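Residue strings, one per chain:
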Amino acid sequence: MRRRFFFLTAILGAAICGLLPSTPCHAQYREGAFVDNTQSETSQSLQNHVGFLAAAALEGRAPGSEGEAEAAKYVGEVLSSYGCELLSPKGGELFGIAREQGDTLRSRNVVAVVQGRDRNLYGKYIVVGARLDNTGTHTLTVDGVPVTQVHYGANGNASGLAMMLELARLVSTNAMLLRRSIVFVAFGSSTQAYSGAWYFLNRSFGGTSDIDAMINLDMVGMGEDFYAYACSNPDMTRLIEAVSSQLQPITPTVTTQEPCPSDHRAFYSSKIPSVMFTSGMYPEYNTPKDTPSTLDYASMERKLEYLYSFVKGIANIDDAPAFSSDMVKKNDIESRLYAYYDCDTPPTFLGRADPKFFLQKWVYEYLKYPAAAVEAGIQGQVQVRLFIEKDGSVKDAQIIKSVDPLLDEEALKVIKASPKWKPGKVQGVKVRSYMTIPVDFKLQKKGKSSFGIKK
């Protein structure tokens, strides 16, 4: 994809954006929307965005699905209606992911820009990104009947997309106040190893070296909880604190522990200063209960005000935040939580780092199929996240994808009883890490049950 930024049109384009209406022109997507007279226009717009993106018709926006494609089309049309210049087709820029099955999963990114006004800095970019996809649907069997559940993904991550869209509206309306250009990206196939972010950086955007910073919005809709994870970058942390010192309706808590993995990782790996804003993990994560009614839209509007102030601040500073590979000191390393695959030396169970080995040698050896679940015909795959402490103990575990309380409880009980692991290491330092494993409960014949690893 070519970068269509032209010096002669930079100021004119920004001025035109400011003249465009701030009300979205996507009338074809208004079905099911409603007006609450007690809400502000911004709060109502956030709710409308989430209502469409987390609708049952999109079936959880799985990577490569029609639901993800519809979400991309919606995002493109809203960004265009808000006065942003689309750098991708409205339906998104397609890219392919080769899979182990031998086929290719086709996903898409939606990219738009609002050009800055400073003739020396308009060619420098701040990327604001949000995950487009979610986990789609999940089928479990109850009494021999397959039941399909939709993981609507209202907070994960329709909330981040909605926030990005309304942030784009504010930026476009006030483009003349910004020195740097702001690029907005809805990343496709984020749940597949952040593929959309990788494609944007390595195949799509021609000016990676001109990206001064990245802002990632993921799961921002749960109440007053608000966190900023700056990957231990001191410049980004100072900017967060500077904006927070101003009069703001809400300010984030700066955390040194990553709340959850997301697209900022691809930018950090490319040595681009990055910050993730989030309300953190929540009980409905990757379950059918993650619906639009669970979100706090008034609180989202307050977070939006802070984010707009932050974007203005980072777009207008003279010197871009610095990135240094040695800026993460030993105490920062020790305080962080790492995914097992991000450890220099991953955690091991009986000398093996492959989670399947842990499943075979421990989980399925001691797992017992609850009799009540067998009688009720309940089966399926429970996904459990376990945390391996710096001393190798497994002190905590949580359900990421639920099937039924009976199966959830049994999976947690066995995993929490795990013997000690050899902890993971980063730069030679023992660290706290986590991994997510799938625990399969299978019914073969009436009265019989089994466990196993899907191949």
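Just so it is clear, the model here is predicted, and its values are computed rather than measured.

Summing up its helical and strand segments, the protein has 12 helices and 17 strands in all. Put simply, the protein has 455 residues, and 56% of those count as buried. Summarising the internal contacts of the protein: among those between residues at least 6 apart in sequence, 79% fall at separations of at least 24. Accessible area for the protein stands at about 19700 Å²; split by element, carbon and sulfur atoms hold 50% of it.

Attention now moves to the environment of Leu86. As for its position among the elements, Leu86 is in strand 1 (residues 85-86). Residue Leu86 is classed as buried on the basis of its relative accessible area of 13%. As a C-alpha pair, Leu86 and Val110 span 24 residues in sequence and 8.0 Å in three-dimensional space.

Turning next to the packing of helix 2 (residues 41-53) against helix 4 (residues 154-173). When two helices pack together, you describe them by how their axes are tilted relative to each other and by the distance separating the axes. Between helix 2 and helix 4, whose axes approach to 9 Å, the crossing angle comes to 135°. Between helix 2 and helix 4, the crossing angle belongs to the class labelled oblique. Two packed elements cross with a definite hand, and for helix 2 against helix 4 that hand is right-handed. Residues Thr42, Ser45, Leu46, His49, Val50 and Leu53 of helix 2 form the contact with helix 4, whose participating residues are Ala154, Ala158, Ser159, Leu161, Ala162, Met163, Leu165, Glu166 and Arg169. When grouped by side-chain class, the residues that make up the contact of helix 2 with helix 4 number nine nonpolar, four polar and two charged.

A few words on the packing of aromatic side chains. Counted by the stated rule, this structure contains 19 aromatic pairs. Their ring planes at 75° and their centres at 5.0 Å tell us that Phe349 and Phe358 sit as a pair that is edge-to-face. Pair check on accessibility: Phe349 and Phe358 agree, each one buried. Members of the aromatic cluster, connected to one another through ring pairs, are Tyr125, Phe187, Phe200, Phe205 and Phe267.

Before going further, it helps to examine unusual backbone geometry. With an omega dihedral of 5°, the bond running from Gly156 to Asn157 counts as a cis peptide bond. Mapped onto the elements of the fold, Asn157 is located in helix 4. Phi is positive for Arg61, close to 55°, though the residue is something other than glycine. Note that Arg61 resides in the loop between helix 2 and helix 3 (66-81). Note on Arg61: relative accessible area 0%, which makes it buried. Here Met219, not a glycine, exhibits a phi torsion of approximately 60°, which is positive. For Met219, the position within the fold is in the loop between strand 8 (211-217) and strand 9 (227-229).

A separate point is a nonpolar patch on the surface. Side chains of Val142, Val145 and Val147 sit close together on the surface and give an oily, nonpolar patch of about 200 Å² of accessible area. By the element assignment, Val145 lies in strand 6 (residues 145-150).

In this structure, Val75, Leu79, Phe184, Ile215, Phe277 and Phe310 are the most contacted members of the largest nonpolar core, which totals 72 residues. Broken down by element, this core gets its largest block of residues, 11 residues, from helix 4. Dropping the residues within four chain positions of it, Val75 is found in contact with Leu53, Val110, Leu132, Leu161, Met164, Leu165 and Ala186. Core analysis: the next-biggest nonpolar cluster, separate from the first, contains 29 residues, Phe358, Val363, Tyr369 and Trp421 among them.

All told, the structure shown has 11 salt bridges when counted by the stated rule. The partner of Arg131 in a salt bridge is Asp218, and the shortest N-O contact between them spans 3.1 Å. Separated by 87 residues along the polypeptide, Arg131 in strand 4 (residues 125-131) and Asp218 in the loop between strand 8 and strand 9 bring together distant segments of the chain. On the accessibility criterion, Arg131 (7% relative accessible area) is buried. A relative accessible area of 2% places Asp218 in the buried class. In this structure, Arg432 and Glu389 form a salt bridge, with 3.0 Å as the shortest nitrogen-oxygen distance. Remark: Glu389 occurs in the loop between strand 13 (378-388) and strand 14 (394-401) and Arg432 occurs in strand 16 (residues 429-443); sequence separation between them is 43 residues. According to the relative accessible area criterion, Glu389 is buried, its value standing at 16%. A single salt-bridge network, built from bridges that share partners, covers Asp118, Arg179 and Asp318.

A separate point is the pairing of strand 13. On a regular strand, one side chain projects to one face of the sheet and the next to the other, so that they alternate. Among the 11 residues of strand 13, 11 are classified as buried, and the element is accordingly described as predominantly covered. Across nine bridges, the pairing between strand 13 and strand 16 is antiparallel. Bridge pairing links Val384 to Ile437 in strand 16. As paired strands, strand 13 and strand 14 are joined by six bridges and run antiparallel to one another. From the neighbouring strand, Phe387 faces strand 14, where its bridge partner is Asp396. Linking strand 13 to strand 14, which pair antiparallel, is a turn of five residues; within it Gly392 sits at a positive phi near 90°.

The subject of this paragraph is the side chain of Ser43. Take Ser43: it is sitting in helix 2. The exposure class assigned to Ser43 is buried, which follows from its relative accessible area of 3%. Each residue touching Ser43, except ones within four places of it in the same chain, is listed here: Tyr297, Ala298 and Glu301.

Reading the values: rules and limits
Residues numbered from 1 in each chain as written. Predicted model: local features only at pLDDT ≥ 70, side-chain atom pairs only at ≥ 80, totals over all residues. Heavy atoms only, no water. Helix = DSSP H or I, 4+ residues; strand = E, 2+ residues; numbered from the N terminus. Buried < 20%, exposed > 50% of the residue type's maximum accessible area, 1.4 Å probe, protein only. Contact = heavy atoms within 4.5 Å. Areas by Shrake-Rupley, 256 points an atom, 1.4 Å probe, with all protein chains shown as cover. Axes fitted to C-alpha atoms, helices over the stretch in contact; angles between N-to-C directions. Parallel < 35°, antiparallel > 145°, perpendicular 65-115°, else oblique. Left-handed = near helix turned anticlockwise from the far one by under 90°. Nonpolar A, V, L, I, M, F, W, Y, C, P; charged D, E, K, R; others polar. Phe/Tyr/Trp six-rings, centres within 6.5 Å; stacked < 30°, edge-to-face > 60°. Patch = residues over 30% accessible without salt bridge, like charges linked within 9 Å, V, L, I, M, F, W, Y side chains within 5 Å. Salt bridge = Lys/Arg side-chain N within 4 Å of Asp/Glu carboxyl O. Core = buried A, V, L, I, M, F, W, Y, C linked by side-chain atoms within 4.5 Å. Pairing = 2+ DSSP bridges.

Geometric values such as these leave the question of function open.
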